[in-house]
Amino acid sequence: MSTRKGPTTRPPRCLNAPSCSNTAAASRSRAMPRRTRRPKSSTGSRNRCPERCFERSSPAMDESTTAYHTIAEVGRDLDRFEGKEVELRGWLYNKRGSGKIQFLQVRDGTGTLQVILSRSDVDEETFNLARGLSQESSIIVRGLVARDTRSALGFELHGKSLIQVGTSEDYPISPKPHGVAFLMDRRHLWLRSTRQHTILRVRHTIIKAIRDYFDSHDFVLIDAPIFTPNACEGTSTLFEVPYFDEKAYLTQSGQLYMEAAAMAHGKVYCLGPTFRAEKSKTRRHLTEFWMCEPEVAYLDLDGDMDLAEDCLCYVVETVLEKHAADLERLGRDVEALRRIKKPFPRLSHREAVDLINRAIDDGTADRRSAGAERTTTESIEDDAAQLHKPTTKTDEETSPKKRARYDDDFGGDEETILSRMFDRPVMVHRYPHQVKAFYMKRDPDDPRVALCVDVLAPEGYGEIIGGAQREDDLEKLLERIDAHELSRESLGWFTDLRRYGSVPHAGFGLGIERTVAWICGLHHVRETIPFARTMDRLKP
RNA sequence: UCCGGAAUAGCUCAGUCGGUAGAGCGGGUGGCUGUUAACCACUAGGUCGGGGGUUCGAGUCCCUCUUCCGGAGCCA
């Protein structure tokens, strides 16, 4: 929907264009919106729709002083709008009132505003229409903008007229807490709830910040394919799909393609969906998730860590600038986010293992998982209710003391312990090579480890970035391919990159959903993506 | 796949020792001119997840299946 500032200057367009183009039957069959008050207008005959649909009588369609605005627009420029009449188009979020006054909470996508309808200000038909509105009815309201300290936004609207555009009967998500399964089944509606609305707006900002960061550092966006002929990393389970007469797989990483692109453009990144068919059932796993993967020619591991650190700081800073109040409302400890500043601690895997084991021995290891103190329920209001819910107990006093090992990857527990020791992301580098992907370069100073890095978000959130310097030597790469029992032939294009002007290069993959969960302080990644795909959820 | 937990009104839940089913919210009706998850009164709403068993009697005990939730492994 277009938004206009100031009075309408171009001819208004019928919102309902398809059904207005003289398809009388279609138009008649749809519920005729109830219009209760014809706004005074002397030029109402212009732009009339040939059918008797509501657009022609909508206040917006008349050339009056009232223009259509969003709640955000009004809030941004309150000095200009105060005392002016505006029109809002949105949905009824909640309603309270008496026989003489009605308080409508109207959301329009940009915000939620209270509209007051007094019996003394409007005609009876309008007042009764307001009284009878149900949750999520779509409505168009006109009224005067007024400052008021009783409003959370600092202003409200004194309604003068009201049109119901669409009805909404038995809206399932009532303004009370619901269970996760119930809400996930109705994710298409849950998106409208304040909390979910806020989270997806923060997600938008995070993705935009990531793109802005790379764009402003001379990176080129290169889109990686979704269909791939073979496993990129060989370890994870892939989704297999028929591809004409052969089999294809949904990509689990754009990484290899980014290596090719980096040899063409120097600095590149991709940002797209990734698919893993692993049967993971945890709060940090999805079968379909989004990843940003930068790749840079002539970059070594230290440079790669610099890049990851700088990028994350920019993203956090940007989110804090735009969403500090939103994060507060989500229950996020904003001060903890403000501490996310360079430099991030850098530990070798070996040092990290020692640190973890010392903590386990001292009994200071904190295994609680991130966000565990909160339960996942939701009301349509901000999650004040959630914060008052009884805490769930998650301390695992009985958990066996499993010590970290030099020759093995971290488990979730170890990651959690480590990430709780620092107030900013931790970069753990040089993991044992045998637990890492074939394309990672071995450390020339210690062939037991790979030149790789995992960035663990603090507060128990764990891994949000995995990166590495890539093996640029043809012979060594071929050895790795054989050792991992991958096909030299199908990776021929990839090994070509080492035949024709190979250079040191590095990159990483940043998980969008885990980053959103961390920044928003969420318990589970399923709330960070509009329509989560998990092991046992493909709907809606 | 493995280990735990759960399933009762549209939703969130309670239901004691095995004795014929409860609340709040939501819906409906009425009341209230500044409400903030509004409030007050009245009202409708149930195959207690499916199947089997024990018992005079099962929401409650046992077996089984299904679904969901949490966790592990793997990973971003």
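Shown above is the structure to which this text applies.
The rules behind the values
- Residues numbered from 1 in each chain as written.
- Chains lettered and ligands numbered in written order.
- Predicted model: local features only at pLDDT ≥ 70, side-chain atom pairs only at ≥ 80, totals over all residues.
- Heavy atoms only, no water.
- Helix = DSSP H or I, 4+ residues; strand = E, 2+ residues; numbered from the N terminus.
- Buried < 20%, exposed > 50% of the residue type's maximum accessible area, 1.4 Å probe, protein only.
- Contact = heavy atoms within 4.5 Å.
- Core = buried A, V, L, I, M, F, W, Y, C linked by side-chain atoms within 4.5 Å.
- Pairing = 2+ DSSP bridges.
- Axes fitted to C-alpha atoms, helices over the stretch in contact; angles between N-to-C directions.
- Patch = residues over 30% accessible without salt bridge, like charges linked within 9 Å, V, L, I, M, F, W, Y side chains within 5 Å.
- Areas by Shrake-Rupley, 256 points an atom, 1.4 Å probe, with all protein chains shown as cover.
- Salt bridge = Lys/Arg side-chain N within 4 Å of Asp/Glu carboxyl O.
- Near = heavy atom within 4 Å.
- Polar contact = N/O pair within 3.5 Å; in protein donor to acceptor, adjacent residues only side chain to side chain.
- Nonpolar A, V, L, I, M, F, W, Y, C, P; charged D, E, K, R; others polar.
- Phe/Tyr/Trp six-rings, centres within 6.5 Å; stacked < 30°, edge-to-face > 60°.

Engineer: Any chance you could break down the overall build of chain A for me, citing the residues and the numbers?
Structural biologist: Broken down by element type, chain A carries 17 helices and 20 strands. When burial is assessed residue by residue, chain A has 52% of its 540 residues classed as buried. For chain A, restricting intrachain contacts to residue pairs at least 6 apart in sequence, the fraction spanning at least 24 positions comes to 69%.

Engineer: Summarise the nonpolar core; cite the residues concerned and give the values.
Structural biologist: The biggest cluster of nonpolar side chains holds 62 residues, and the ones touching the most others in it are Phe214, Leu327, Trp518 and Ile519. A total of 12 residues in this core trace back to one element, the largest contributor, which is helix α10 (residues 301-329). Discounting chain neighbours no more than four positions away, the residues touching Ile519 are Ile206, Val315, Val316, Val319, Leu327, Arg332 and Leu337. Listed in part, the 27 residues of the second largest apolar core include Ala352, Ala359, Ile417 and Cys452.

Engineer: Would you mind going over the environment of Leu200 in detail, with residue names and values included?
Structural biologist: Among the structural elements, Leu200 can be located in helix α8 (residues 194-215). Each C-alpha atom, one on Leu200 and one on Ile529, is 7.2 Å from the other, the two residues being 329 residues apart in sequence. With near-sequence residues (within four places) excluded, Leu200 lies in contact with Leu191, Thr528, Ile529 and Pro530.

Engineer: Any chance you could break down the sheet that holds strand β14 (residues 346-348) for me, citing the residues and the numbers?
Structural biologist: One open sheet holds the eight strands; their spatial order is β8-β12-β13-β20-β19-β18-β15-β14, and the pairing between them is mixed. Of all the strands in the sheet, the pair left with one neighbour each is β8 (220-221) and β14. Taken together, the four bridges between strand β15 (residues 426-429) and strand β18 (residues 452-457) define a ladder with antiparallel strand orientation. When the bridges of β18 are listed, Val426 appears paired with Leu456. Here α8 sits on the sheet and contacts β8, β12 (267-275), β13 (288-297) and β20 (505-511); the angle it forms with β12, its principal contact strand, is near 150 degrees.

Engineer: Outline the pairing of strand β4 (residues 101-107), listing residues and values.
Structural biologist: Taken across its seven residues, β4 has five buried, putting it largely inside the fold. Examined bridge by bridge, strand β3 (residues 85-97) and β4 share six bridges and lie antiparallel to one another. Counterpart to Lys95 in the pairing with β4 is Leu104. In sequence, β3 turns back onto β4 through a hairpin of three residues. Direction of pairing for β4 relative to strand β5 (residues 112-118): antiparallel, over a ladder of seven bridges. Residue pairing for β5: Arg107 is matched across the bridge by Thr112.

Engineer: Requested: an account of the side chain of His349, with residues and values cited.
Structural biologist: Assignment of secondary structure puts His349 in helix α12 (residues 349-362). A relative accessible area of 2% places His349 in the buried class. If we skip the residues at most four places from it in the chain, His349 touches Arg405, Tyr406, Asp408, Phe410, Val428, His429, Arg430, Tyr431 and Pro432.

Engineer: An account of a nonpolar patch on the surface is needed here, citing residue identities and associated values.
Structural biologist: On the surface, a cluster of nonpolar side chains totalling about 380 Å² of accessible area is made up of Phe227, Tyr243 and Phe244. Positionally, Tyr243 belongs in strand β10 (residues 240-243). With relative accessibility at 33%, the residue Tyr243 sits in the partly exposed group.

Engineer: Now, about the protein's contact with RNA strand B: what can you tell me, with residues and values included?
Structural biologist: The local shell around RNA strand B holds 51 residues, among which Asn94, Arg96, Lys176, His178 and Arg514 are the closest. Counting only atoms of RNA strand B within 4 Å of the protein, the fraction found in sugar and phosphate groups is 48%. A distance of 3.5 Å separates a phosphate oxygen of RNA strand B from a polar backbone atom of Arg283. The leading source of residues in the surface near RNA strand B is strand β19 (residues 462-469), at four residues. Residue composition of the surface near RNA strand B, grouped by class: 13 nonpolar, 18 polar and 20 charged.

Engineer: An account of the packing of aromatic side chains is needed here, citing residue identities and associated values.
Structural biologist: Going through the model one piece at a time under the given rule, you end up with 11 aromatic pairs. Aromatic side chains Tyr257 and Trp493 sit 4.8 Å apart centroid to centroid with 15 degrees between the ring planes, which places their arrangement in the stacked category. Taken as a pair, Tyr257 in helix α9 (residues 255-265) and Trp493 in helix α16 (residues 492-499) lie far apart in primary sequence, 236 residues in all. Trp493 gets classed as partly exposed once you look at its relative accessible area, which sits at 28%. For the ring pair Phe438 and Phe494, a centre distance of 6.1 Å and an interplane angle of 75 degrees mean the geometry is edge-to-face.

Engineer: Quick rundown of the pattern of salt bridges? Include the residues and the values.
Structural biologist: Scanning the entire structure with this criterion turns up 35 salt bridges. The partner of Arg150 in a salt bridge is Asp148, and the shortest N-O contact between them spans 3.0 Å.

Engineer: Can you lay out the sheet that holds β10 for me, pointing to particular residues and giving the numbers?
Structural biologist: Reading across from one edge, β9-β11-β10 is the order of the three strands in this open sheet, with antiparallel pairing throughout. Unpaired on one side and paired on the other, β9 (227-228) and β10 mark the two borders of the sheet. Inspection of the sheet shows β9 paired to strand β11 (residues 246-250) by two bridges, in the antiparallel sense. Within the sheet, the bridge partner assigned to Phe227 lies in β11 and is Leu250.

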